[in-house]
Structure formats: structure tokens, C-alpha cells
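As a plain string of letters, each chain reads:
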Amino acid sequence: MSIVVYPGSFDPVTVGHMDLIRRAAGLFDQLIVGVLVNSEKKTPLFSLEERVIMLRDACKDLPNVSVESFDGLLIDFVRAKGSNTIIRGLRELMDFEMELQIAQVNRVVSGGIETLFLPTDPSYSDVSSSVVREYARYQVALPEFVPENVLDTMIKKGIVKSAKQED
Ligand code: PNS
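We now turn to the structure provided with this report. (Residues numbered from 1 in each chain as written. Predicted model: local features only at pLDDT ≥ 70, side-chain atom pairs only at ≥ 80, totals over all residues. Heavy atoms only, no water.)

### As for helix α2 (residues 48-58)
In an α-helix, one full turn covers 3.6 residues, which means residues spaced three or four apart are oriented alike.
Inference 1: Considered for burial, the residues of α2 that qualify are R51, V52, M54, L55 and A58. Relative to the axis of α2, the buried residues are bounded by an arc of 165° and lie together on one face. Away from the buried face of α2 by more than 90 degrees, exposed residues E49 and I53 are located.
Inference 2: Buried residues belonging to α2 abut α1 (15-25), β2 (30-36), β3 (65-70) and α6 (148-156). (Buried < 20%, exposed > 50% of the residue type's maximum accessible area, 1.4 Å probe, protein only. Helix = DSSP H or I, 4+ residues; strand = E, 2+ residues; numbered from the N terminus. Arc of directions from axis to C-beta. Contact = heavy atoms within 4.5 Å.)

Structure, rendered in C-alpha cells:
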């Protein structure tokens, strides 16, 4: 059985992530979304639990997709899941420069775990969690950037104003 791991911070999951999950889930028997417990570089907008709940909800209609959190090295998580394949999306050249190096190191250090890249659908090339977080700092929602359940959560938590209030 082919198992692929799609890792990330998912703070929060975006429509770009969801497009990649759907497409990659069509290429493998099983896709495991790996949510990084703590990213040292960023102050998260959502707790790990919230990120996992929102992802699980967004993926509920995808039968071969599961969502789990992981701490520590990605390659250890991939191995523990019985996989040897990581998938990452590429939006632009800058992504590739960073991702290439990480993929190379991960492969060498793990002794063979491969990283595959899927190009982002052009309609999602501007979509990123960091832009969603930045707008959220000013209480502005970006409904076209996030799945509906994420927008609902952001409104319920009072992170952003509802579309109605903005009108
Ligand atoms: O969504 P992100 O923040 O771009 O995802 C980055 C992620 C989670 C793929 C990366 O930070 C990661 O793999 N972290 C786990 C720790 C690790 O394995 N580090 C070595 C490779 S960077």
C-alpha cells in the first residue's frame, strides 16, 4: 500500500493546502497529513489541537486521508507511519529553493525517504497561511483563502469580523 505524508504547520489550513491534499490523495492509497506540533520560527495563530480539528473537518469527505500531529523530525514521523514518501506543494521559485535543500537533506539523513513536489494550481499561487495570519492581525477575513469551516472558526473565536459585519 502506498502511503504519503503531507507535512506542514497548517496555521491555518488554506484552500491551497486542500487542493494539494485532494490531488495527492488521488495518487496514493493513503495520505497522512502531518501537523507540526511546534514551529520555532512562528507564533501560531491556532493551537495544535485547533489546527488538527480544522484539518480533520476539512478532510472529512476524503476517505483515504487522515490527520495526525507530530513532534521532532519529519523523517522519523514518516518512518513511524510506514511510509517513505513526503509530498510538498510548490507555489513559486522561492519555495523550490528552500524545499530542494530540505528534501535533499531529508533523503540523505533518512537513507532514502523521498520528497515529491506538486505544483500549486495557479489559482492558489497567492494563497498562504502567513497571509491569512497577517490579515487576521487586523481582524480581516480572507474567505477565499480558507475552507469554510476555518472561516467559521475564525469568526466564532472573534479573530476576524464576519463578512456581514464588514458590509
Ligand atoms: O508549513 P511549513 O511550516 O512550511 O512546514 C514545514 C515543515 C513542517 C515541513 C518542516 O518545518 C519540518 O519538517 N519540520 C519538522 C522538523 C524537521 O524534520 N526538520 C528537518 C527538516 S527542515
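### Thoughts on the environment of S69
Inference 1: Relative to the assigned elements, S69 resides in strand β3.
Inference 2: Considering only alpha carbons, one finds S69 and G8, 61 residues apart in sequence, at a separation of 9.6 Å.
Inference 3: Among residues more than four places away in sequence, those in contact with S69 are V35, V37, L48, V52 and F77.

### Concerning helix α5 (residues 129-136)
Inference 1: Within α5 the residues assigned to the buried category are S129, V132, R133 and A136. The arc that holds the buried residues of α5, viewed along the axis, is 95°, so those residues lie on one side.
Inference 2: Along its buried surface, α5 packs onto α1 and α6.

### With respect to the packing of α2 against α6
Inference 1: At a minimum axis distance of 9 Å, the contact between α2 and α6 shows a crossing angle of 145°. On α6, the residues that touch M54, D57 and A58 of α2 are N149, V150 and T153.
Inference 2: Along the lines of polarity and charge, the residues of the contact of α2 with α6 split into three nonpolar, two polar and one charged. (Axes fitted to C-alpha atoms, helices over the stretch in contact; angles between N-to-C directions. Nonpolar A, V, L, I, M, F, W, Y, C, P; charged D, E, K, R; others polar.)

### Things to note about the environment of R22
Inference 1: For R22, the position within the fold is in helix α1.
Inference 2: Residue classification places R22 among the partly exposed residues on the basis of a relative accessible area of 47%.

### Overview of the side chain of S128
Inference 1: Inspection of the secondary structure puts S128 in the loop between β5 (114-119) and α5.
Inference 2: When its relative accessible area of 11% is taken as the criterion, S128 is described as buried.
Inference 3: In terms of polar contacts, S128 uses its side chain to reach the side chain of S130, at 3.2 Å.
Inference 4: Sequence-distant contacts of S128, defined by excluding residues within four places in its chain, comprise T14, R91 and F145. (Polar contact = N/O pair within 3.5 Å; in protein donor to acceptor, adjacent residues only side chain to side chain.)

### A look at the pairing of β2
Inference 1: Counting buried residues in β2 gives five out of seven residues, a clear majority hidden from the surface.
Inference 2: The parallel pair strand β1 (residues 3-8) and β2 is bridged by α1, and the resulting crossover is right-handed.
Inference 3: The pairing of β2 with β3 spans six bridges and is classified as parallel. Looking across to β3, one finds that L36 is bridged to F70. (Right-handed = clockwise from strand over helix to strand, strands pointing away. Pairing = 2+ DSSP bridges.)

### Description of the packing of aromatic side chains
Inference 1: Enumeration according to the criterion identifies three aromatic pairs in this entry.
Inference 2: Centre to centre, the rings of F70 and F77 are 4.9 Å apart; their planes meet at 20°, and the pair counts as stacked. For the residue pair F70 and F77, the accessibility class agrees, reading buried in each case.
Inference 3: When the ring of F96 is compared with that of F117, the centres are 6.1 Å apart and the planes differ by 75°; the resulting orientation is edge-to-face. (Phe/Tyr/Trp six-rings, centres within 6.5 Å; stacked < 30°, edge-to-face > 60°.)

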